[in-house]
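Chain by chain, the residues:
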Amino acid sequence: MRGTIDVVVGAQWGDEGKGRVVDALGARVDIFARYQGGANAGHTVIVDGKKYVFHLLPSGMLYSGKTCVIGNGVVIDPEQLLTELRELQAQGKDRATLVISGAAHVVMPYHKIIDRAQEGARGMGKKIGTTGRGIGPAYVDKYARCGIRVEDLLDEAVLREKLEQNLDEKNSLLMKLYDEEPLAFDEIFDLALSWGGALAPYVGDASLVIDEGLSEGRGVLMEGAQGTMLDIDHGTYPFVTSSSPVAGGGCVSLGVGPLSVSRVIGVVKAYCTRVGEGPFPTEDTGADGEMLRARGGEYGATTGRPRRCGWLDLAALRYAVRVNGISSIALTKLDVLSGLDGIPVCKAYELDGKRLDHFPTNAGFQQNIVPVYEHHEGWKTDIAPCRTFGELPAQARQYVEFIEKQTGIPVNLIGVGPDRSQTILRDF
Ligand code: GDP
Ligand code: IMO
Ligand code: MG
């Protein structure tokens, strides 16, 4: 029988715990495939107390005998990728076979400089709070059809021609608009060639690898980065990333038809966080937000920035269910809510005194909506040791069931701690 595909997608503003969910499901997956974003992502996996943070490598790298694919839609910073690989190799943990799509675009040194220069030039209220990893400018070049792809790093003549063209334009932009120093061609060319040499053994055809796997009955897991509310089309534009984290982005990036996807697993934090600027209706800028940050260790896995914290937003979650076609929820960090007297949960919004049941697509509305909260009863016991749904205190079970009722989607996985072992599976 032909294999099937699960997509793991962030249902909020990123950092929902996608890495740990991919890892928790890893034993039944044969091919792990990252589909978009770049080294702006930071996906944490903890196994037996040992922490790994993946920025570009799929979160399945720790599984022996499996295949990890990086799709066409990812923008690759080779320096970062090679560092990640070296670190894993040094620990003997680079267990999966890696395939990098030759069609994936390369984040070049000038992309990072432009990213930071553009962010610096944005005035108050206009900053996006990018990760400075060159993501936006790399996607700009991709869509402007002048980008350098991984396969170009393997062909000296092509690389020379493309880099010359790019550097002419980028140097003029850097000097005239951003008052930056121009970049020397030879230095970048030599660096890019050395990347090509190092990456060559891994370069392949992502779509073909996946299709062959499916033909052999293998299970594929597509791993999204960022989250629905950071999606270029469906997020809180312009405070978004420059790719398509939504589930459909997986098919586009990896070259598979949508009918091959059997499940869309939306990863949902039991509360909400956002790092960077932009609308966040349920943000708590007071003591409760600080309490969530401290208990949840809410500091960026990539930039170390403190994450903005707030309460679960079910209206935004219903929106995520719709735009991704989420069929299953993986609820993470439920343990962080233990000990609270009451837990506010947003069910709808108000805008100019009128009730809104749906997350609005209008950017102005997104800034001004006021959440309507329902207060949920908390639980006092530590749930970290629980391994079955039945072991959870009644109020925690009710919290989960409330989410299921409000979204119409089953919660099939619950995280009660960051370690691989701290996972409750329900009918999964
Ligand atoms: P990702 O980008 O979606 O993969 O998420 P990150 O790795 O950036 O952030 C999630 C953070 O929460 C990491 O530090 C994880 O180790 C941690 N985490 C994930 N699931 C749980 C959970 O169920 N409980 C607790 N306490 N921490 C978790
Ligand atoms: P993972 O995969 C959370 C945010 C940045 C910024 C905006 C644009 O770990 O969930 P970019 O550098 O992409 O141009 O920044 O998107 N952002 C993330 N926030 N988790 C991420 O990835 C993010 N990747 C980008 O903070 O607001
Ligand atoms: Mg992250």
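Everything quoted here is computed from the prediction, not taken from an experiment.

Parameters and conventions
Residues numbered from 1 in each chain as written. Chains lettered and ligands numbered in written order. Predicted model: local features only at pLDDT ≥ 70, side-chain atom pairs only at ≥ 80, totals over all residues. Heavy atoms only, no water. Helix = DSSP H or I, 4+ residues; strand = E, 2+ residues; numbered from the N terminus. Buried < 20%, exposed > 50% of the residue type's maximum accessible area, 1.4 Å probe, protein only. Polar contact = N/O pair within 3.5 Å; in protein donor to acceptor, adjacent residues only side chain to side chain. Phe/Tyr/Trp six-rings, centres within 6.5 Å; stacked < 30°, edge-to-face > 60°. Lys NZ or Arg CZ within 6 Å of the ring centre and 35° of its normal. Donors = N, O, S within 2.8 Å, 3.2 Å for Na, K, Ca; no water. Domains from an automatic or database assignment. Contact = heavy atoms within 4.5 Å. Buried area = accessible area lost by both parts, 1.4 Å probe. Salt bridge = Lys/Arg side-chain N within 4 Å of Asp/Glu carboxyl O. Nonpolar A, V, L, I, M, F, W, Y, C, P; charged D, E, K, R; others polar. Near = heavy atom within 4 Å. Areas by Shrake-Rupley, 256 points an atom, 1.4 Å probe, with all protein chains shown as cover. Expected span 1.5 Å × (residues − 1). Arc of directions from axis to C-beta. Pairing = 2+ DSSP bridges. Axes fitted to C-alpha atoms, helices over the stretch in contact; angles between N-to-C directions. Parallel < 35°, antiparallel > 145°, perpendicular 65-115°, else oblique. Left-handed = near helix turned anticlockwise from the far one by under 90°.

Colleague: When you look at the side chain of Ser-59 in this model, what are you seeing that I'm missing?
Modeller: Within the secondary structure layout, Ser-59 lies in the loop between strand E4 (50–54) and strand E5 (67–70). Classification of Ser-59 by relative accessible area gives buried; the value is 0%. Here the side chain of Ser-59 touches Glu-223 through a polar contact of 2.6 Å, side chain to side chain.

Colleague: Before we go on, may I ask you to explain the packing of aromatic side chains in this structure?
Modeller: Aromatic ring pairs are reported here in terms of the distance separating the ring centres and the angle at which the planes meet. Within the structure shown, the criterion is met by 6 aromatic pairs. Ring geometry for Phe-185 against Phe-189: centres 5.3 Å apart, planes inclined by 15 degrees, an arrangement best described as stacked. On the criterion of helical spacing, the pair formed by Phe-185 and Phe-189 is a turn pair, its members being 4 residues apart in helix H6 (residues 185–199). On the basis of relative accessible area, Phe-185 is assigned to the buried category, the value being 19%. One aromatic cluster in this structure is built from Tyr-319, Tyr-349 and Phe-359. The aromatic ring of Tyr-52 is capped on one face by Lys-50, whose charged end is 5.1 Å from the ring centroid. In this arrangement the basic side chain of Arg-160 is found over the ring face of Phe-189, its NZ or CZ atom lying 4.4 Å from the centre.

Colleague: Can you help me understand the coordination of the magnesium ion (ligand 3) in this one?
Modeller: By definition of the ideal shapes, four donors in a tetrahedron about a metal sit 109.5 degrees apart, and six donors in an octahedron sit 90 or 180 degrees apart. Bound to the magnesium ion (ligand 3) are the protein donor atoms Asp-15 (OD) and Gly-42 (O), situated 2.0 to 2.2 Å from the metal. Of this pair, Asp-15 sits in the loop between strand E1 (5–10) and helix H1 (18–25) while Gly-42 is found in the loop between strand E2 (31–34) and strand E3 (43–47), placing the two residues 27 residues apart along the sequence. The class of Asp-15 is partly exposed, set by a relative accessible area of 21%.

Colleague: Teacher, can you tell me more about the environment of Gly-38 here?
Modeller: Of note, Gly-38 is situated in the loop between E2 and E3. The class for Gly-38 is buried, based on a relative accessible area of 0%. It is 29 Å that separates the C-alpha atoms of Gly-38 and Leu-425, two residues lying 387 residues apart in sequence.

Colleague: Mind showing me how you'd approach the domain arrangement of the chain here?
Modeller: Much of the literature gives interface size as the accessible area that the parts lose upon coming together. On domain assignment, one finds that the chain holds domain 1 (5–96 + 205–425) and domain 2 (105–200). Centre-to-centre, using C-alpha coordinates, domain 1 lies 29 Å away from domain 2. With 26 residues of domain 1 in contact, the opposing surface of domain 2 contributes 22 residues. Each partner contributes to the roughly 1900 Å² buried at the junction of domain 1 and domain 2, and carbon and sulfur atoms together form 62% of this total. Of the charged contacts in the structure, one is a salt bridge between Asp-77 and Lys-112, with a shortest N-O distance of 2.8 Å. On the surface where domain 1 and domain 2 come into contact, there are 10 residue pairs in polar contact (both at pLDDT 80 or more). At the level of secondary structure, the elements contributing two or more residues to the side of domain 1 that touches domain 2 comprise strand E6 (75–76) and helix H2 (78–90). In terms of residue class, the side of domain 1 that touches domain 2 is built from 10 nonpolar, 12 polar and 4 charged.

Colleague: Quick question: what am I supposed to make of the site of ligand 2 here?
Modeller: The environment of ligand 2 is formed by 20 residues, the closest being Lys-18, His-43, Thr-131, Gln-226 and Thr-241. Within the backbone of Asp-15, one N or O atom sits 2.8 Å away from an oxygen atom of ligand 2. Considered on its own, ligand 2 offers 550 Å² of accessible surface; in the complex 98% of this is hidden by protein. Broken down by class, the residue content of the shell around ligand 2 amounts to 7 nonpolar, 10 polar and 3 charged. Composition of the shell around ligand 2 by domain shows at least three residues from each of domain 1 (5–96 + 205–425) and domain 2 (105–200).

Colleague: Explain the site of ligand 1 here, please?
Modeller: If you check the shell around ligand 1, you find 20 residues, and the closest are Gly-17, Lys-18, Gly-42, Thr-44 and Asp-335. Contact distances for ligand 1 include 2.8 Å between an oxygen atom and a backbone N or O atom of Gly-19. At a separation of 2.5 Å, an oxygen atom of ligand 1 approaches a polar side-chain atom of Thr-44. Within the complex, 92% of the 580 Å² of free accessible area of ligand 1 lies under protein. Looking at the shell around ligand 1, the elements with two or more residues in it are H1 and E3. Residues that form the shell around ligand 1 fall into these classes: 5 nonpolar, 8 polar and 7 charged.

Colleague: Help me understand H2, please; the structure alone is not making it clear to me.
Modeller: Spacing of three or four residues puts side chains on the same side of an α-helix, whose turn is 3.6 residues. Here H2 contains 13 residues, and its C-alpha end-to-end distance of 18 Å stays within 8% of the 18 Å for a straight helix at 1.5 Å per residue. Looking only at H2, the buried set comprises Pro-78, Leu-81, Leu-82, Glu-84, Leu-85 and Leu-88. An end-on view of H2 places all buried positions within 160 degrees of arc, on one side of the element. Looking one or two places after H2, you find Gly-92, whose phi comes out positive at around 70 degrees.

Colleague: What exactly am I supposed to notice about the pairing of strand E15 (residues 342–351) here?
Modeller: Side-chain direction in a regular strand flips from residue to residue, so the side chains alternate between the two faces of the sheet. Across the 10 residues of E15, 7 count as buried, placing the element largely inside the fold. Pairing analysis gives 8 bridges linking E15 to strand E17 (residues 370–377), with the strands arranged antiparallel. Across the sheet, the residue bridging to Tyr-349 is Pro-371, located in E17. Two successive antiparallel strands, E15 and strand E16 (residues 354–356), enclose a turn made up of 2 residues, where Asp-352 displays a positive phi of approximately 50 degrees.

Colleague: Honestly, the environment of Gly-92 in this entry has me stumped. Any pointers?
Modeller: Along the chain, Gly-92 falls in the loop between H2 and strand E7 (97–101). Judged by relative accessible area, Gly-92 falls into the partly exposed class, the value being 42%.

Colleague: What is the right way to read the packing of helix H3 (residues 109–121) against helix H5 (residues 156–176) from this model?
Modeller: How two helices pack is summed up by the angle between their axes together with the distance between the axes. It is the contact of H3 with H5, at a shortest axis distance of 11 Å, that shows an interaxial angle of 20 degrees. Comparing their axes, H5 and H3 come out roughly parallel. For H3 against H5, the interelement crossing comes out left-handed. For the pair formed by H3 and H5, the contact residues are Tyr-110, Ile-113 and Ile-114 on the first element and Leu-163, Asn-166, Leu-167, Lys-170, Leu-173 and Leu-174 on the second. When grouped by side-chain class, the residues that make up the contact of H3 with H5 number 7 nonpolar, 1 polar and 1 charged.

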